[in-house]
Amino acid sequence: MHDIKAIRDNPEAFVAGWSRRGVEDAAQVVEQILSLDRELRAAQTAAQTALAERNAASKAIGAAMGRKDMEEAERLKAQVETLKGEIAAQEAIEADKGRALRDLLAGLKNLAAEDVPDGEDETANAEQSRWGEAGKLPAGRLNAAKDHADLGEALGLLDFEAAARMSGARFAVLKGQLARLERALGQFMLDMQTATPEGVDLHGYLEVNPPFLVRDEAMFGTGQLPKFEEDLFFASSGSVSPKDMPLDLLDLLNGRHWLIPTAEVSLTNLVREQILSEDELATPMRLTALTPCFRAEAGSAGRDTRGLIRQHQFHKVELVSITRPEDSEAEHERMTACAEAVLKRLELPFRRMLLCAGDMGFSARKTFDLEVWLPSQNTYREISSCSNCGDFQARRMDARFKRAGEKKTEFVHTLNGSGLAVGRTLVAVMENYQDEGGRIAVPAALRPYMGGVTHIGGAE
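What comes next is a walk through the structure.

Each value, and the rule that gives it
Residues numbered from 1 in each chain as written. Predicted model: local features only at pLDDT ≥ 70, side-chain atom pairs only at ≥ 80, totals over all residues. Heavy atoms only, no water. 1 Å grid on protein atoms, 1.4 Å probe; cavity = no way out; pocket = protein on both sides within 12 Å on 5 of 7 lines; lining within 4 Å. Points joined across faces, edges and corners; volume = space filled by probe spheres on them. Helix = DSSP H or I, 4+ residues; strand = E, 2+ residues; numbered from the N terminus. Nonpolar A, V, L, I, M, F, W, Y, C, P; charged D, E, K, R; others polar. Buried < 20%, exposed > 50% of the residue type's maximum accessible area, 1.4 Å probe, protein only. Pairing = 2+ DSSP bridges. Contact = heavy atoms within 4.5 Å. Axes fitted to C-alpha atoms, helices over the stretch in contact; angles between N-to-C directions. Expected span 1.5 Å × (residues − 1). Parallel < 35°, antiparallel > 145°, perpendicular 65-115°, else oblique. Left-handed = near helix turned anticlockwise from the far one by under 90°.

The next thing to look at is empty space enclosed by the protein. All chains considered together, the criterion is met by 1 cavity of 30 Å³ or more. Put simply, the largest cavity is a space of about 30 Å³. Secondary-structure elements contributing two or more residues to the lining of the largest cavity are strand 12 (366-374) and strand 13 (379-388). When its residues are assigned to classes, the lining of the largest cavity shows 4 nonpolar, no polar and 3 charged.

This is the structure in structure tokens:
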């Protein structure tokens, strides 16, 4: 969400900022915002003026009646009734303009940070660094690496047809040691961000087990609603009132609860409508969760429809940080390094990309993408996005903090990142660790989670 006072004070900055983010006719959008704001404030002023006049007239009625001046009292009563109508009319205008202004602002993207490159799409993203040697597989170089889907099906451990029969397209059934490998990846990632089995604290994130179903206001807070409703799944809607149904279940069925597209929604909303103390943010609040994620992805038909790259249901380890404004930039770098550390431990080649203004997500002001090497595609593919959202989400959630000795509050900054997407990491492991016999070597870091198994699909 955006600060209307900031738009009012410096409209040119928002015209330029939204133009960078691909908003068409940004100048016209800003003028529409300012026009609604003027009409809203005019209605507020008119209502307040009419209210003050009504109160004065009401007092004068008593004085007139005390003087036995009934003619004046009747005139004042008529004036009060007229003013009541004026107040109601102005309040209706205020509500209408306020709603229109909020709806317009709610659908507008965050502004990009100054150091984010200009550009409309991924072709303008800037490579920041690389790690590992792309094309050199830890299990040995192959002349032609198999696609993960072909590899998994050949092993009899990946079944898309069975998934389609029960759930439709973009679902998969993982079996045997491949299912265990996916579970191992999630646990390994979670341990890396919190503590190893030996109890050594690594990245300092607090593990959270959050709800997977959230209400509209939670989705609004992190920016999924209202703009991206078609890309989401909701669990229930309509009106249900069976006799003797428990009230909490009735509330769920009569409400609209969304399946989370990422644990970012649940974790970030932990601070919604809260006022934190500065002490609570002396060190950034760092939260992590391993959850299933659900995405309809209505706008991505025809891309990656086969395999595990783009599924309607997948697991992900999410990282969320809540900080003071002055700490968010450094925390962004730290969070990205925490995600990179997972890829390094798994010995998967990757690169870091700084996204251009036109390719960033709705709520982000700056985003680093980590892209892992996929041998079958001979290219890097996104496996993590780490974004600094500034105070954009905090304004939508009313998440604030108070500095020591200060009366006023400030909005916190929120950050989120993938640490990592489990399914895509499984794809990268399968493709980078395959050998010429069709087996998949288990990365050394995962073997403790696999009971010592060193290969999938063949004898030890």
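Let's shift gears to the pairing of strand 11 (residues 350-354). Within strand 11, 5 of the 5 residues are buried, leaving the element largely enclosed by the surrounding structure. One ladder, built from 5 bridges, connects strand 1 (residues 126-131) with strand 11; its direction is antiparallel. Bridging from a neighbouring strand, Arg 130 pairs with Arg 351 of strand 11. Relative to strand 12, strand 11 is paired through 5 bridges, and the arrangement is antiparallel. Directly across from Phe 350, in strand 12, lies its bridge partner Val 372.

You can see Asp 369 is positioned in strand 12. What makes Asp 369 buried here is its relative accessible area of 6%. When the C-alpha atoms of Asp 369 and Glu 382 are compared, they prove to be 6.5 Å apart, with 13 residues separating the residues in sequence. Discounting chain neighbours no more than four positions away, the residues touching Asp 369 are Arg 351, Arg 352, Met 353, Leu 355, Glu 382, Ser 384 and Ser 385.

Here we come to the sheet that holds strand 16 (residues 413-421). Taken together, 8 strands build an open sheet; the order of strands is 1-11-12-13-16-10-9-4 and the sheet is mixed. With partners counted over all chains shown, the strands left at the sheet margins are strand 1 and strand 4 (206-207), one partner each. Relative to strand 9 (residues 285-294), strand 4 runs parallel, the two sharing 2 bridges. Its bridge partner lying in strand 9, Glu 207 is registered against Thr 288. Packed onto the sheet, helix 7 (residues 176-193) meets strand 4, strand 9, strand 10 (313-323) and strand 16 and runs at close to 165° relative to strand 9. Along the sheet face, helix 11 (residues 328-345) touches strand 1, strand 9, strand 10, strand 11, strand 12, strand 13 and strand 16 and points at about 5° away from the line of strand 16.

With that settled, consider helix 3 (residues 26-66). Given a rise of 1.5 Å per residue, 41 residues ought to cover 60 Å, and the 60 Å separating the end C-alpha atoms of helix 3 matches this to within 8%. One or two steps after helix 3, the chain reaches Lys 68, where phi turns positive at roughly 70°.

One way to put it is that helix 7 packs onto helix 11 with a least axis distance of 10 Å and a crossing angle of 130°. With respect to helix 11, the element helix 7 is oriented oblique. The crossing of helix 7 and helix 11 is right-handed. Seen from helix 7, the contacting residues are Phe 188, Met 189, Met 192 and Gln 193; seen from helix 11, they are Cys 338, Ala 341, Val 342 and Arg 345.

This part covers the sheet that holds strand 14 (residues 400-402). Taken in spatial order, the 3 strands make up an open sheet running 8-14-15, and their pairing is mixed. Edge positions in the sheet fall to strand 8 (275-277) and strand 15 (410-411), since each has one partner strand and no second. In terms of strand pairing, strand 14 meets strand 15 through 2 bridges, oriented antiparallel. Bridge pairing in strand 15 links Phe 401 to Glu 410.

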